[in-house]
Amino acid sequence: MTKATKEFDVARHFDESLAAKYDRRIRQFCPNYDALHRMLIPWLQGLPAAADFLSVGAGTGAEVVTLGKIFPRWRFVAVDVSPDMIKACQARATDAGLADRVACFTGRLQDYASSASFDAVSSVFVSHFIKGRAEKLSYFKSISENLKVGGLLVVADLFGEKGSAEFTALLDAWLRSYAMHGVSDEDLIQDRLHVEKDVDFIPEDDLFTLLHEAGFSTPIRFYQTYLFGGWVATRVH
Ligand SMILES: C[S@@+](CC[C@H](N)C(=O)[O-])C[C@H]1O[C@@H](n2cnc3c(N)ncnc32)[C@H](O)[C@@H]1O
C-alpha cells in the first residue's frame, strides 16, 4: 500500500521529513503562497496594537513570522497537531527574533483549552484536511470559542464542488502549474493521489453555512489561486 492510499493521519503526514521539505513544496503547490500571507495584513490592520493572535495549524510558522514582523507588539499562540511542524515553527520564530512573543501548543485545536480570548485567528490550509461535516463544524466552533465576539477569522483552504466542470478545469490547470516546478513524475502521481484522497473539498456555499453555524458573519473571499481560496469573517455571536 502506498503512503497516499493509507488512511490519512494529519500528524503523521506532516512529520519531520515533510516539515523539512514543506517550505519548498508548498510554494510549488501554491504559487501565490507568500502573497496569501501578505494579503492577510490589510484585514488585520484595524486590530489593537497589542493584539492576541492565534495561528491554528501554524505549520512551519508562515503566519506567525510574517505577522510578527509587521505587528511588533502582537502576542501569538501557534497550535499544531504535528510535533515536527510546531518544532519547525518554534525554531523559525526564534530565528526571526520573536521567541518571547510566540507560545506553542502541540495538539489539535479542538483539544486546546484557552484561557485567553483572541483578537484574531488564522487557519491557513488546515480545515480541508478535516473530514466530514460534523468534524469541520466542531473545528470552526473551536475557532469561534477562542475568538472575542467581533474578532476576525482569516481562513484559507482548498475548496470547490468535486466533479463540477469548474472544479475539473481548475484542478487540471493547478496540477499543470505544479508540474512546471520541476516536480518528479513520482511526486506528481503521489501528490495527485494525496489531493484526491486526503483533501475533503467542500463548495464555498457549504463552507459559508458551516461558518455561519459556528457564529461567523458571511465571509468575504479575498484570495483565489486555482482551488485555493481565502476568506475573512467576523465572530458575530
Ligand atoms: C498545510 S499545513 C499549513 C501550515 C501553515 N498554516 C501554512 O500556511 O503554511 C496544515 C497544518 O495544519 C495542521 N493541522 C491539521 N489539523 C489540525 C488541527 N485539527 N489542529 C491543529 N493543527 C492541525 C497540520 O499538522 C499541518 O501542520
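Residues numbered from 1 in each chain as written. Predicted model: local features only at pLDDT ≥ 70, side-chain atom pairs only at ≥ 80, totals over all residues. Heavy atoms only, no water.

Asks: Just to check I follow, could you spell out the side chain of T60 for this structure?
Replies: Looking at the secondary structure, you find T60 in the loop between β1 (52-56) and α4 (62-70). A polar contact is formed between the side chain of T60 and the side chain of D23, at a distance of 2.7 Å. Once residues within four sequence positions are removed from consideration, T60 is found in contact with A19, Y22, D23, M85, A88, C89 and R92. (Helix = DSSP H or I, 4+ residues; strand = E, 2+ residues; numbered from the N terminus. Polar contact = N/O pair within 3.5 Å; in protein donor to acceptor, adjacent residues only side chain to side chain. Contact = heavy atoms within 4.5 Å.)

Asks: What's the story with the packing of aromatic side chains in this structure? I'm lost.
Replies: Counted under the stated rule, the structure contains 17 aromatic pairs. Where W74 meets F76, the ring centres are 6.1 Å apart and the plane angle is 45°; that geometry is what we call tilted. As far as burial versus exposure is concerned, W74 and F76 are alike and both buried. Judged by centre distance (5.4 Å) and plane angle (65°), the ring pair of Y139 and F140 falls under edge-to-face. Among the residues examined, F140 registers a relative accessible area of 0% and is labelled buried. Taken together, F29, Y33, F125, W174, Y178 and F228 form an aromatic cluster joined through their ring pairs. (Phe/Tyr/Trp six-rings, centres within 6.5 Å; stacked < 30°, edge-to-face > 60°. Buried < 20%, exposed > 50% of the residue type's maximum accessible area, 1.4 Å probe, protein only.)

Asks: Before we go on, may I ask you to explain helix α3 (residues 33-44) in this structure?
Replies: Owing to its 3.6 residues per turn, the α-helix brings residues three or four apart onto one side. Of the residues making up α3, those classed as buried are Y33, L36, H37, L40, I41 and L44. One side of α3 carries all its buried residues, which in axial view fall inside an arc of 165°. Turned more than 90 degrees away from the buried face of α3, the exposed residues are R38 and P42. Summarising the contacts, the buried residues of α3 are in contact with α2 (16-29), β1, α4, β4 (118-124), β5 (147-158) and β6 (220-225). (Arc of directions from axis to C-beta.)

Asks: Any chance you could explain unusual backbone geometry here in plain terms?
Replies: For residues besides glycine, phi is generally negative; the peptide bonds are generally trans as well. Phi at F125 takes a positive value of approximately 60°, unusual for a residue other than glycine. Looking at the secondary structure, you find F125 in the loop between β4 and α6 (133-146). Unlike most non-glycine residues, Y226 shows phi in positive territory, near 50°. Mapping Y226 onto the fold places it in the loop between β6 and β7 (228-234).

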